[in-house]
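# An overview of the molecular structure
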Protein chains: 2
Amino acid sequence: MNQEYLKKLARLAVEGGANVKKDQLVVIKGDIQAAPLIREIVSAAYDAGAKDCIVRYHDEQIKHEKYLRSAEEVFQKAEPWEAVFNNDSAKQDACYIHVVGGDPDLMKDVDPKRMQSASAALENASQEYRNLLNQGKNAWTIVASATPAWAKKVYPELEEDQALEQLWEDIFSISRVDENDPLDNWKKHSDSFMNRVKKLNDAKFEKLHYQNSAGTDLWVELPENYVYEGGGTVISDGRMTYPNIPTEEIFTAPKYNGVNGKLVSTMPLNRSGVLIKDFWFEFKDGKVVDFDAAQGKETLAELLAADEGASYLGEAALVPWGSPIQKKNRIFYNTLFDENASCHFALGRAYSESIEGGQELSDEELKEKGLNQSIIHVDFMVGSDDLSITGYTKDGKEVPVFVNGRFSDQF
Amino acid sequence: MNQEYLKKLARLAVEGGANVKKDQLVVIKGDIQAAPLIREIVSAAYDAGAKDCIVRYHDEQIKHEKYLRSAEEVFQKAEPWEAVFNNDSAKQDACYIHVVGGDPDLMKDVDPKRMQSASAALENASQEYRNLLNQGKNAWTIVASATPAWAKKVYPELEEDQALEQLWEDIFSISRVDENDPLDNWKKHSDSFMNRVKKLNDAKFEKLHYQNSAGTDLWVELPENYVYEGGGTVISDGRMTYPNIPTEEIFTAPKYNGVNGKLVSTMPLNRSGVLIKDFWFEFKDGKVVDFDAAQGKETLAELLAADEGASYLGEAALVPWGSPIQKKNRIFYNTLFDENASCHFALGRAYSESIEGGQELSDEELKEKGLNQSIIHVDFMVGSDDLSITGYTKDGKEVPVFVNGRFSDQF
């Protein structure tokens, strides 16, 4: 792994992703295997003027053993200090840098209910933190660090060392880290989104029609005053942040109760080590009323049952076929990469910035305006090289948005 | 490093050290470099019936950068969640396994005031935790994990790999981990203390007189109903625990205001990367009234100034010259090992179990009975091969306790 590129990736996460400001508290969470990247992030954060860095390490091997061996009650409620940490740091105006990457198969033998109830318990205990993040008060970003087990899963045909090296190269190249200044590269990439985002927002679509030969035939209403965002997100103090490094998507939220028809996945979904394959959903007034999967159906059912909002959509994202990630023609077994491979939707919570002024609204008000609420947010891919998306405006105008899997000439 | 021995060391920490009981919460704290040992401790804890393990990793490299680069205010108060963690876990009847070991030189360039005020802030915010531990409600133990930088410091003449291997061998052998059952070995070792402990307690000494050719000439009064403990500590629910792995010491507390004369160190004291060498203290009614050091005097002064109790003694421990650690004739730059090399005292807090019924008393009551209170507890070595310690009982009987650095025939 190229140490100079690692430093650049760290700087990109700090100055681009979280856009760390002077005297800010910076929270970094990640696996102990990511220590080389995390240490560079810490240095970059101090360079950017952070007043303090708090690193919360976990260890996926220990997490795995905990899920298998701890008493059932442990997963029913959050540790008070975890909630205090989330709520208190958010109130201190912290930003959050999440370093992801790990063995995609590790949790295969774990009861998904345990993971889900543990994460729901923590979410519920961290209401203040969640609200502040939803209101765009705190910046956050996700960046990846390669691990041997993850690399071997993505590149099973390579030796472990080579696979690791290759995955690092992928992470760097897809994140646009190269010989140039990483922030210059990133800005160029981000600027390319701006034009499209503006056009999509100006179009004032009432609904979109998704169709392809895989079987998707879906009508998606958009909320009044929907906002498409691409690349960056402007948080409440006006600073541009990038929640995902890399990012290729332009996204908004569907009107949660205005989705009808059939939606067929075009890539497997990795959920805690279980690969859900060849799955589809049938929607009626936004709710999943039927679904199936050639593999992993039970895990998918668990997911849909997480809470009321888990069987409604919260995100609709546009990624042209032929994106750098899609071109690699690999499953990365990691949402950060796989979601940027092609067009996707997410089950669960909508981002509050997906409607105008959404960051000022409460969960209830957001829902009233059509934005789904849930403890989950799980992306799945629906893009294909023959996907067409047609937009319809209130006055009946029909506008091609995607033709043959890519933005139409009008975008 | 011998993986089987690592497992045995983990089992010794869990079943011996902390004596984990069924359905207990087990907290493990350590550096990310100790992950191989910590993972074995987690497995051993579940094997012993733990209901949950919480691992709190830190990263000494990041800690170092934090001390150098975080804003001053960060070290003035404890993060609320850290205190909640300590207090809440202690109230949940957790036991604590601390894995130590790291680069002894890393913190050399750090302002010791920052470290001291950070640790004082956390201690003060963790009053409930401290009280419960002082009352013997929660078991705790310290065990070591070798790291390359630490090994290289102890064995500078060896290559890094060899040094690491050698330090692991030392940790295993000194902790009595070998081909046999580690708990059997430990029990044999522990039993050997029992006879001496009983005799020392039955002797009902009023005071001890320490003398050697290094210049020590010190009178140490003992509190009424002092308790010498060796090896293990019985906690409030009656279970035997071993706070230190390894352990060679039999210790009690001096009467904090009853120490007079001169005390000369016989081994350097490593304090956050600064080596304090050839130092001595002059005591008057317990308080250090004069001191000097050939090296590190400033750091020693900081230490004595930590709080009111920092310039009084809180522990007096007996370790015969010729202990396994002393025989290695190495400085380990780690209190867990160096304090077991020879007789020592500690500046700062006394252990409440050093007087009969002490675990039931408040800090104020303990002080009234002669037990020193402080936020620090720092051991330093005074043993030598010509150290003599003579005990005096109330009725004027004179009993040789140590002759030529070792227990006299009467013990």
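The following paragraphs examine the structure supplied in this document. Predicted, not measured: the structure shown is a model, and the values here were computed from it. (Residues numbered from 1 in each chain as written. Chains lettered and ligands numbered in written order. Predicted model: local features only at pLDDT ≥ 70, side-chain atom pairs only at ≥ 80, totals over all residues. Heavy atoms only, no water.)

## Thoughts on the overall build of chain A
The secondary structure content of chain A amounts to 13 helices and 20 strands. Its C-alpha atoms give chain A a radius of gyration of 20 Å, within 12% of the compact-globule value 22 Å for 411 residues. With the principal axes as the frame, chain A shows a C-alpha extent of 55 × 50 × 45 Å. Scored against the burial criterion, the 411 residues of chain A give a buried share of 59%. Within chain A, contacts between residues at least 6 apart in sequence are counted, and of these 75% link residues at least 24 apart. (Helix = DSSP H or I, 4+ residues; strand = E, 2+ residues; numbered from the N terminus. Rg over C-alpha atoms; globule rule 2.2 N^0.38 Å. Buried < 20%, exposed > 50% of the residue type's maximum accessible area, 1.4 Å probe, protein only. Contact = heavy atoms within 4.5 Å.)

## With respect to the relation of the copies chain B and chain A
One copy of the chain maps onto the second through a rotation around an axis plus a translation along that axis. Mapping chain B onto chain A calls for a screw motion: a turn of 180 degrees about the axis and a shift of 0.0 Å along it, with 0.1 Å RMSD after fitting. Viewed as a symmetry operation, the transformation between the two copies matches a two-fold axis. Closest approach to the rotation axis among the C-alpha atoms of chain B is made by Trp 81 of chain B, whose C-alpha sits 2.5 Å away. (Least-squares fit on C-alpha atoms with pLDDT ≥ 70 in both.)

## Description of the nonpolar core
Ranked by size, the top nonpolar core spans 116 residues in total, and within it Ile 28 of chain A together with Ile 28 of chain B carry the most contacts. Dropping the residues within four chain positions of it, Ile 28 of chain B is found in contact with Ile 38, Ile 41, Val 42, Cys 53, Ile 54, Val 55, Arg 56, Ile 97 and Val 99 of chain B. (Core = buried A, V, L, I, M, F, W, Y, C linked by side-chain atoms within 4.5 Å.)

## Details of the environment of Val 177 of chain A
When you line up the elements, Val 177 of chain A lands in the loop between helix H8 (160-174) and helix H9 (182-202). When sequence neighbours within four positions are dropped, the list of residues in contact with Val 177 of chain A reads Tyr 5, Lys 8, Leu 9, Leu 12, Phe 172 and Pro 182 of chain A.

## So, the packing of helix H1 (residues 3-17) of chain B against helix H9 (residues 182-202) of chain B
Between two packed helices, what matters for the description is the angle formed by their axes and the separation of those axes. Residues and elements named next belong to chain B. H9 packs onto H1 with a crossing angle of 55 degrees between their chain directions and a minimal axis gap of 9 Å. In terms of axis orientation, H1 runs oblique to H9. The crossing of H1 and H9 is right-handed. In this structure, H1 contributes Lys 8, Arg 11, Leu 12, Glu 15 and Gly 16 to the contact, and H9 contributes Pro 182, Leu 183 and Trp 186. Along the lines of polarity and charge, the residues of the contact of H1 with H9 split into 4 nonpolar, 1 polar and 3 charged. (Axes fitted to C-alpha atoms, helices over the stretch in contact; angles between N-to-C directions. Parallel < 35°, antiparallel > 145°, perpendicular 65-115°, else oblique. Left-handed = near helix turned anticlockwise from the far one by under 90°. Nonpolar A, V, L, I, M, F, W, Y, C, P; charged D, E, K, R; others polar.)

## What to know about the pattern of salt bridges
All names here are of chain B. Within the structure shown, the criterion is met by 58 salt bridges over all chains. Between Lys 91 and Glu 128 there is a salt bridge whose closest N-O contact spans 3.3 Å. With Lys 91 in helix H4 (residues 80-91) and Glu 128 in helix H6 (residues 127-134), this pair connects stretches of sequence that are 37 residues apart. According to the relative accessible area criterion, Glu 128 is partly exposed, its value standing at 37%. The residue Lys 153 makes a salt bridge to Asp 105 at a minimum N-O spacing of 3.0 Å. (Salt bridge = Lys/Arg side-chain N within 4 Å of Asp/Glu carboxyl O.)

## Regarding helix H6 (residues 127-134) of chain A
Residues and elements named next belong to chain A. Of all the residues in H6, the buried ones are Tyr 129, Arg 130, Leu 132, Leu 133 and Asn 134. Structurally, H6 contributes buried residues whose contacts are with helix H4 (80-91), strand E3 (95-100), helix H5 (112-125), strand E4 (140-144) and helix H13 (363-368). Note on H6: the residue one or two positions beyond its end, Gly 136, has a positive phi of about 70 degrees.

## What about the pairing of strand E18 (residues 388-393) of chain A?
Residues and elements named next belong to chain A. Most of E18 is tucked away, with 5 of its 6 residues classed as buried. In the sheet, strand E5 (residues 205-211) pairs with E18 via 6 bridges, with the strands oriented antiparallel. For Phe 205, the partnering residue across the bridge sits in E18 and is Thr 393. Sheet analysis places E18 next to strand E19 (residues 398-403), joined by 4 bridges and oriented antiparallel. (Pairing = 2+ DSSP bridges.)

## Some details on the sheet that holds strand E2 (residues 52-58) of chain B
Residue and element names in this part refer to chain B. Taken together, 4 strands build an open sheet; the order of strands is E2-E1-E3-E4 and the sheet is parallel. The open sheet has two free edges, formed respectively by E2 and strand E4 (140-144), since each of these has just one partner strand. Direction aside, the axes of adjacent strands within the sheet are offset by 15 degrees on average. Inspection of the sheet shows strand E1 (residues 25-31) paired to strand E3 (residues 95-100) by 4 bridges, in the parallel sense. Its bridge partner being in E3, Lys 29 is matched across the sheet by His 98. Contacts from helix H2 (residues 35-47) reach E1, E2, E3 and E4 within the one sheet, and its direction differs from that of E2 by about 165 degrees. Against the sheet, H4 makes contact with E1, E2 and E3, and its axis sits at roughly 140 degrees relative to E1, the strand it touches most.

## Digging into the sheet that holds E4 of chain A
Residue and element names in this part refer to chain A. Taken in spatial order, the 4 strands make up an open sheet running E2-E1-E3-E4, and their pairing is parallel. Looking along the sheet, the strands with just one partner apiece sit at the ends: strand E2 (52-58) and E4. Neighbour to neighbour, the strand axes of the sheet diverge by 15 degrees on average, direction disregarded. Relative to E4, E3 runs parallel, the two being bridged by 5 bridges. Bridge pairing links Ile 97 to Thr 141 in E4. Contacts between H4 and the sheet are confined to strand E1 (25-31), E2 and E3, with E1 contributing the most and set at about 140 degrees to the helix.

## Considering the interface of chain B and chain A
With 32 residues of chain B in contact, the opposing surface of chain A contributes 32 residues. For the pair chain B and chain A, the summed buried surface comes to about 3100 Å²; carbon and sulfur atoms form 56% of the total. Our count for the contact surface shared by chain B and chain A stands at 8 salt bridges. Here Arg 39 of chain A ties to Asp 59 of chain B by a salt bridge, and the two come within 2.9 Å at their closest N and O atoms. At the junction of chain B with chain A, the criterion picks out 24 residue pairs in polar contact (both at pLDDT 80 or more). Elements supplying a minimum of two residues to the side of chain B that touches chain A: H2, E2, helix H3 (60-69) and H4 of chain B. No other element matches H2 of chain B, which puts 7 residues into the side of chain B that touches chain A. (Buried area = accessible area lost by both parts, 1.4 Å probe. Polar contact = N/O pair within 3.5 Å; in protein donor to acceptor, adjacent residues only side chain to side chain.)

## Here's the deal with the packing of aromatic side chains
Counted under the stated rule, the structure contains 39 aromatic pairs over all chains. Arranged with centres 5.8 Å apart and planes meeting at 70 degrees, the rings of Phe 279 of chain A and Phe 281 of chain A form a pair that is edge-to-face. Residue Phe 281 of chain A is classed as buried on the basis of its relative accessible area, which comes to 1%. Taken together, the ring pairs connect Trp 81 and Phe 85 of chain A together with Trp 81 and Phe 85 of chain B into an aromatic cluster. Over the face of the ring belonging to Trp 280 of chain A we find Lys 262 of chain A, whose NZ or CZ atom lies 4.4 Å from the ring centre. The residue whose ring lies beneath Lys 153 of chain B is Tyr 333 of chain B, and the NZ or CZ to ring-centre distance is 4.8 Å. (Phe/Tyr/Trp six-rings, centres within 6.5 Å; stacked < 30°, edge-to-face > 60°. Lys NZ or Arg CZ within 6 Å of the ring centre and 35° of its normal.)

## A word on the side chain of Asp 338 of chain A
Residues and elements named next belong to chain A. Position of Asp 338 among the secondary structure elements: in helix H12 (residues 335-338). For the buried Asp 338, no salt bridge is present, and the opposite-charge side chain at shortest range is Arg 330, 10 Å distant. For Asp 338, the residues in contact, after removing those within four places along its chain, are Met 267, Arg 330, Ile 331, Phe 332, Tyr 333 and Met 381. (Lys, Arg positive; Asp, Glu negative; His and termini not counted.)

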